[in-house]
Amino acid sequence: MTLPMNLHSAADLLRTGGLVAMPTETVYGLGANALDADAVAKVFASKQRPSFDPLIVHVPDPEAAWALAQDVPPLARQLAQAFWPGPLTLVLKKTAVIPGIVSSGLDTVGLRVPDHPVALELLRRAGVPVAAPSANPFGGVSPTRASHVTVPCDAVVDGGPCRTGVESTVVGFDEQGQAVVLRLGGTALEAIEEVVGAAVQVAKPGAKLTSPGMLERHYAPRTPLRLVGDTRSVPVAQRRDQRLGVLVFNPATFVDDAGFVQQWVLSERGDVVDAAARLFDTLRRADDAHLGGLVATPVPDEGLGRAINDRLRRAAVAPGPDPAGQ
Ligand code: TXA
Ligand code: MG
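Let us look at the structure shown here. (Residues numbered from 1 in each chain as written. Chains lettered and ligands numbered in written order. Predicted model: local features only at pLDDT ≥ 70, side-chain atom pairs only at ≥ 80, totals over all residues. Heavy atoms only, no water.)

1. Here's the deal with the site of ligand 1
Put simply, the test is: For this purpose, a residue is taken to be near a molecule or strand whenever a single non-hydrogen atom of the residue falls within 4 Å of it. Side-chain atoms alone can form a polar contact between residues adjacent in sequence; in general such a contact is a pair of N or O atoms within 3.5 Å, and within protein one must be able to donate a hydrogen while the other accepts it. Per-residue accessibility takes into account occlusion by the displayed protein chains alone, with areas from the Shrake-Rupley method and a 1.4 Å probe. Each helix corresponds to a stretch of at least 4 residues labelled H or I by DSSP, and each strand to a stretch of at least 2 residues labelled E; elements are numbered beginning at the N terminus. Here the term charged refers only to Asp, Glu, Lys and Arg, the term nonpolar to Ala, Val, Leu, Ile, Met, Phe, Trp, Tyr, Cys and Pro, and the term polar to all other amino acids, Gly among them.
Within the structure, ligand 1 sits among 28 residues, and Thr26, Arg49, His58, Ser168 and Gly213 are positioned closest to it. At 2.6 Å, a side-chain N or O of His58 approaches an oxygen atom of ligand 1. Between ligand 1 and Thr108 there is a distance of 3.0 Å, counted from a nitrogen atom to a side-chain nitrogen or oxygen. Compared with its free state, where it exposes 670 Å², ligand 1 has 97% of that area covered by protein. It is strand E7 (residues 108-112) that provides the largest number of residues to the shell around ligand 1, a total of four residues. In terms of residue class, the shell around ligand 1 is built from 13 nonpolar, ten polar and five charged.

Listed below in structure tokens is the structure:
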């Protein structure tokens, strides 16, 4: 049974090997003491997460991050200076204090200082680094409110709805210390490029530097999702017959809505930041509507729009035959 927790008890729980779901500015995380391999093992079990997918370690300030890393490239420090606290995870060479289970046996560790007052206070009080993946069953939609957390844990700390709404941008470094984006997320690629002063590569599956968790199908609602360039490609009869809902960026993208049983607009004012904050919440609402399928159109591929399109593409990869008709 999960009881409402004050930060003091939640910090105690973390220190003593418990699992605490905690708010961050991106999504809720399922936290455990990163230095306690048994506690971290419970995180994998609770989420039914495969052991090859490493966890991000959360710390209250950059100094705590550097203490867990070695050979930190100068660019990593520059990026931390620019974006921490914030939705940026730096993948750095780890020190031996991080147990292998945290990083799935890799010699690197993902580190992040979250930009959320409750998370920071909890991390400070706990006094240990906290390994926390998003607090959803593996492959599903990340929680952006305390009430979305359904995975088994000892406590849920409610910090209100998440401001950013998509997970952190994950950045790794090649042998020359150059940055490579391993996952698009809440820190815009353009903003990272501004600090780097050059174009930054986004890793493709199979590349040398990759993120083991970047699976083809991920971030998926239960409702089959189909990503189309334009809703006109879905025949009106099919919309009714298959009880399809539709998800679009802004009211202006809505050229053609006849026959869809329900419709969702990600941002009334057509703003990608606003749309990112509402994405996962909206996918959950679509699940609650018990549709036959959900048709989505991409958002503008700029700023946080890139992360939204990435999530929509992965959500649209069918686990089997696509009941929405493709
Ligand atoms: O915003 C976020 O990042 C949230 C909040 C809770 O901080 N966390 C989150 O964690 O999204 P998770 O576990 O759902 O996703 C972590 C991603 C995975 O794609 C994983 O493969 C990658 O980060 N990652 C973690 N450590 C890594 C490493 N050492 N090397 C490469 N990729 C790593
Ligand atoms: Mg996740």
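Read on, since the account is not over.
2. Quick word on unusual backbone geometry
Trp84 connects to Pro85 through a cis peptide bond whose omega is -10°. If you trace the backbone, Pro85 turns up in the loop between helix H4 (74-83) and strand E6 (88-94). One non-glycine residue, Asp71, lies in positive phi territory at about 50°.

3. Points about helix H1 (residues 7-15)
Quick reminder of the rule: Any residue under 20% of the maximum accessible area for its type is buried, any over 50% is exposed, and the rest in between are partly exposed; the area is computed with a 1.4 Å probe on protein chains only. Read the arc as the range of directions from the helix axis to the C-beta atoms. Contacts: residue pairs with any heavy atoms within 4.5 Å of one another.
Among the residues making up H1, those that are buried are Leu7, Ala10, Ala11 and Leu14. Each buried residue of H1 lies within a common arc of 100° when the element is viewed along its axis, so the set occupies one face. For H1, the secondary structure elements touched by its buried residues are strand E2 (20-22), strand E3 (29-33), helix H5 (117-126) and strand E8 (130-131). The N-capping residue of H1, defined by a side-chain oxygen 3.2 Å from the backbone nitrogen of His8, is Asn6. Immediately downstream of H1, the backbone of Gly17 shows phi near 95°, a positive value.

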